[in-house]
Amino acid sequence: MKVNLLILLFACSAGIALAQPHGQEAGYAVRQTELKQEPYSDAATTGTLPERAPVKIVSRQGGWLKIESASGAGWVRMLAIRTGATEGAGGDSGLKQLFNVARSGSSGTAVATGVRGLDREQIRNAQPNAAELGRMAQFAASEADAERFANGAGLAAQAIDYLPAQQPGSAGPAGQ
Amino acid sequence: MISRAAIAAGSVLLAALAAASTPAAAQFRFDLNRIIDTAKNIGKASTEISEPQEVEIGKQYAAVLLGAAPLVPDPALQRYVNTLGRWVALHAERPALAWQFGVLDSDNVNAFATPGGFVLITKGLLATMRSEAELANVLAHEVSHVVKKHHLNAIRKGAGMQAGMNILGDFVAQGSRNPEITSRLVSGMKEVMLRGLDKDDELEADRMGVVIAARSGYDPYGLPAVLQTLSAMNPQDSGLALMFATHPAPGARLDALDTAMGTRLERYAASARVSAEFGRVTRRK
């Protein structure tokens, strides 16, 4: 634990160069859903995950999660799963008071608070920083910059309509 | 996601009203008396805020956030987020705004938009992300707040709308030349930041954000993935407190996206791409 804490503190001080151990998230099914052999809707169905079944999330691809469960392993639709199922499982470790660092839930993400920052009090006390606003403007990208970036990455623009607001009493999710 | 303290023109007003609990309350009450004369038509007043005025208000707002936490001193990172953000913003309704994006040097997990096209996310939120698609989706959510001027809605719901519109009007008329007006504007903005936007506006920004991300060629499931990360985090973390207080719970947002998305956007996930920049700039494998 001590070693972990040191690693956490070091990672925090290294800023965003923080390796995220995202493997092994826990979750549960919010509804009965099909287990697929591959992360595609037309892949073979290998079983059924019952509602409220606990799962271990192994990996992700697009809208699919690779999971392990008592009903078997396979791919399920991401939105059929919710994380953070266990109430109270991740209570305050006490480290927060000691070191101002908290370790978060099953994602293992480190969250630290400092003197400066975006807590309620810190925002209340904040004074506008015009110099930093000027610095921000220096990094602005033009439309041409953005197009170049997208072309380089092979990002293809798509024409897609916005999703309708949900109507009360309308049918539930279309996907299983 | 995330927060948004977006406001546009008028958010300020909210402040005004919210100010009943501040030392400035007396002043606001005084303002109320003359507002009734000057702002007879609130709806009209709110639509009369020009784009340059909206941008000016957004700048003041962004300056407050930057006063709470400066930018991460990493030009490559800031430039990357601007380029990606600009690309995403090109696929929403206000592509010609002078969009600016930034990563705040704070370990709190949050993101903010301000009127006129300013979007800030924290280093803490970025650190939880697995991919460029997740970042693109969060930026798209923030862009949605800006294009929909969600701060105005927040103001409309407040009892002190007139007072707020008045401050806004004063600011628009006199600009940042008048320090007293600017300071009232700033305290109003802070109230909006601390209160958050309307819950339905957050859900709307989620629904719009996934579509804007997909239009930009990104996997629209980046937003649900971020919400699953947030949902798995300990809500007692102090770094999450403000975001959780100003947004619907991540699980509720996932439920709403589940209903809205269904399988409609699945095919865009399959064809999605990412740049090689995310891993490099955030120094991750």
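Rules and cut-offs
- Residues numbered from 1 in each chain as written.
- Chains lettered and ligands numbered in written order.
- Predicted model: local features only at pLDDT ≥ 70, side-chain atom pairs only at ≥ 80, totals over all residues.
- Helix = DSSP H or I, 4+ residues; strand = E, 2+ residues; numbered from the N terminus.
- Contact = placed C-beta atoms within 7 Å.
- Expected span 1.5 Å × (residues − 1).
- Buried ≥ 20, exposed ≤ 12 C-beta atoms within 10 Å, placed from the backbone.
- Nonpolar A, V, L, I, M, F, W, Y, C, P; charged D, E, K, R; others polar.
- Pairing = 2+ DSSP bridges.
- Axes fitted to C-alpha atoms, helices over the stretch in contact; angles between N-to-C directions.
- pLDDT = per-residue confidence, 0-100.

### Looking at the overall build of chain A
What chain A contains, in helices and strands, is 5 helices and 9 strands. The N-to-C order of helical and strand elements in chain A reads α-β-β-β-β-β-β-β-α-β-β-α-α-α. Residue pairs in contact within chain A that sit at least 24 positions apart in sequence constitute 47% of those at least 6 positions apart.

### Observations concerning helix 5 (residues 75–89) of chain B
Under the 1.5 Å per step criterion, the end-to-end length of helix 5 of chain B is 21 Å for 15 residues, consistent within 8% with the ideal 21 Å. Here helix 5 of chain B lies mainly inside the structure; 12 of its 15 residues are buried. Listed in full, the buried residues belonging to helix 5 of chain B are Leu77, Gln78, Tyr80, Val81, Asn82, Thr83, Leu84, Gly85, Arg86, Trp87, Val88 and Ala89 of chain B. Residues of helix 5 of chain B that are buried sit in contact with helix 5 (143–153) of chain A together with strand 1 (100–104), strand 3 (118–122), helix 7 (132–148), helix 11 (199–215) and helix 16 (277–281) of chain B.

### Digging into the interface of chain B and chain A
In this assembly, 89 residues from chain B lie in contact with 74 residues from chain A. In terms of residue class, the side of chain B that touches chain A is built from 42 nonpolar, 29 polar and 18 charged.

### Examining the sheet that holds strand 2 (residues 111–114) of chain B
Residues and elements named next belong to chain B. The strand order 1-3-2 describes an open sheet built from 3 strands, whose pairing is mixed. Two strands lie at the open edges of the sheet, namely strand 1 and strand 2, each paired on one side alone. Strand-to-strand twist across the sheet, computed as the mean angle between neighbouring axes with direction ignored, equals 15°. Pairing geometry for strand 1 and strand 3, over 5 bridges, is parallel. The residue bridging Phe101 from the neighbouring strand is Val119, located in strand 3.

### Topic: the confidence of the model for chain A
All names here are of chain A. On average, residues of chain A score 75 in pLDDT, and 62% of them reach the 70 mark or higher. Of all secondary-structure elements in chain A, the lowest mean pLDDT belongs to helix 2 (residues 95–99), at 31, while strand 2 (residues 33–36) reaches the highest, 98. Low pLDDT, under 50, characterises residues 86–115; the stretch is placed with 70 contacts to residues that sit more than four places away or in other chains. Throughout residues 170–176 the model reports pLDDT below 50, and contacts reaching past four residues in sequence, or to other chains, amount to 14 contacts.

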